Amino acid sequence: MTGPQTRGRGRPREPEHAELVLTAATQLLLEGGVAACTVEAVSRRSGVSKPTIYRRWPHRTALAIEAFAAHIGRLVPLAETGDSAHDLVQAVARLAEYYQGRDGIVFAQLVAAAVLEPGTADLLNSRFFAPRRAALRELWDRGVARGGLDPHVEPDAAIDLLFGPTAFRLLLGHQPVDVDSCVHLARTALQGLMLTRPTTPSLAPKATGG
């Protein structure tokens, strides 16, 4: 009778390939933006062959979008404190915090690619925006169920009102994307989305440091 067998030094399995590829792609994105995240560069850094990468990601932009989506998902998780209005504003604060650095540059470049490259907008929506918006809708629905948020407001409209200004400022550069100003915008929008509207502004949630 033999003991537990361990896997030898053979070729990595598919989940390991994906992890290596996404880690390498994220590093390249943060170092040099979308232009640096080529399949050749990712292959060289990850040690995964280009044919293996292409089997899962049809082109470099698809890879960049998935890597960035996973990266932001780790950095900016949605909190659940029992106060949905606070949690929504906290999510805006964290995005604003990270979009001030390399993450903001990469996000803007991916949005530009969505405008210029056919099919990229659908990829960006399905891989990056859709999962996060689904989580935000659930957060909104919990706030409605608790009685704090207006049930007559469509969740997607609320999400656009809360998060749209930060993206707009980032892309146009006409106003700063600092935490305080973006939180102020979000709280201003929330005053029209809550059943009990505050008469005095609340303190901005403390940023996590980045």
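Residues numbered from 1 in each chain as written. Predicted model: local features only at pLDDT ≥ 70, side-chain atom pairs only at ≥ 80, totals over all residues. Heavy atoms only, no water.

(A) Region of interest: the overall build of the protein. From N to C terminus, the protein includes nine helices and zero strands. Listing each helix as α and each strand as β along the protein from the N terminus yields α-α-α-α-α-α-α-α-α. Counting only residues that meet the buried cut, the protein has 40% of its 210 residues in that class. Counted over contacts in the protein with a minimum sequence separation of 6, partners at least 24 positions apart contribute 65%. (Helix = DSSP H or I, 4+ residues; strand = E, 2+ residues; numbered from the N terminus. Buried < 20%, exposed > 50% of the residue type's maximum accessible area, 1.4 Å probe, protein only. Contact = heavy atoms within 4.5 Å.)

(B) The packing of aromatic side chains, seen in detail. Evaluated as defined, the whole model comprises five aromatic pairs. Between the aromatic rings of Phe 68 and Phe 128, the centroid separation amounts to 5.6 Å while the plane-to-plane angle is 25°, which identifies the pairing as stacked. Taken together, the positions of Phe 68 in helix H4 (residues 60–75) and Phe 128 in helix H7 (residues 120–146) put the pair 60 residues apart, joining distant regions of the chain. Where Phe 107 meets Phe 129, the ring centres are 6.1 Å apart and the plane angle is 80°; that geometry is what we call edge-to-face. A residue pair is termed long-range when its members are at least 10 positions apart, and Phe 107 in helix H6 (residues 102–116) and Phe 129 in helix H7 qualify at 22 residues. The exposure class of Phe 107 is buried, given its relative accessible area of 4%. Three or more aromatic residues link up through ring pairs in this structure, and these residues are Phe 68, Tyr 99, Phe 107, Phe 128 and Phe 129. (Phe/Tyr/Trp six-rings, centres within 6.5 Å; stacked < 30°, edge-to-face > 60°.)

(C) How the structure looks around the pattern of salt bridges. Taken as a whole, this structure holds nine salt bridges when the rule is applied. With a closest N to O distance of 2.6 Å, Glu 80 and Arg 142 form a salt bridge. Separated by 62 residues along the polypeptide, Glu 80 in the loop between H4 and helix H5 (84–99) and Arg 142 in helix H7 bring together distant segments of the chain. Judged by its relative accessible area of 34%, Arg 142 is partly exposed. One salt bridge in this structure joins Asp 160 and Arg 133, with 3.0 Å as the shortest N-O distance. You can see Asp 160 sitting in helix H8 (residues 155–172) and its partner Arg 133 sitting in helix H7, a full 27 residues away along the chain. One continuous salt-bridge network, built from bridges that share partners, spans Arg 133, Arg 137, Asp 156 and Asp 160. (Salt bridge = Lys/Arg side-chain N within 4 Å of Asp/Glu carboxyl O.)

(D) Highlighting the environment of Phe 128. Since its relative accessible area comes to 10%, Phe 128 is described here as buried. Considered as a pair, Phe 128 and Gly 73 are 55 residues apart in the sequence and their alpha carbons are 9.1 Å apart. If we ignore the near neighbours within four places in the chain, the residues touching Phe 128 are Ile 65, Phe 68, Ala 69, Ile 72, Tyr 99, Phe 107 and Leu 123.

(E) Region of the structure containing the confidence of the model for the protein. Summing up the model confidence of the protein, the mean pLDDT is 86 and the portion of residues at 70 or higher is 86%. Predicted confidence in the protein is weakest over H5, with a mean pLDDT of 92, and strongest over helix H2 (residues 39–46), with 97. Predicted confidence is poor over residues 1–10, with pLDDT under 50, and the contacts of this stretch with residues over four places away or in other chains come to three contacts. Under a pLDDT of 50 for its full length, residues 198–203 has, in the predicted model, three contacts with residues more than four places off or in other chains. (pLDDT = per-residue confidence, 0-100.)

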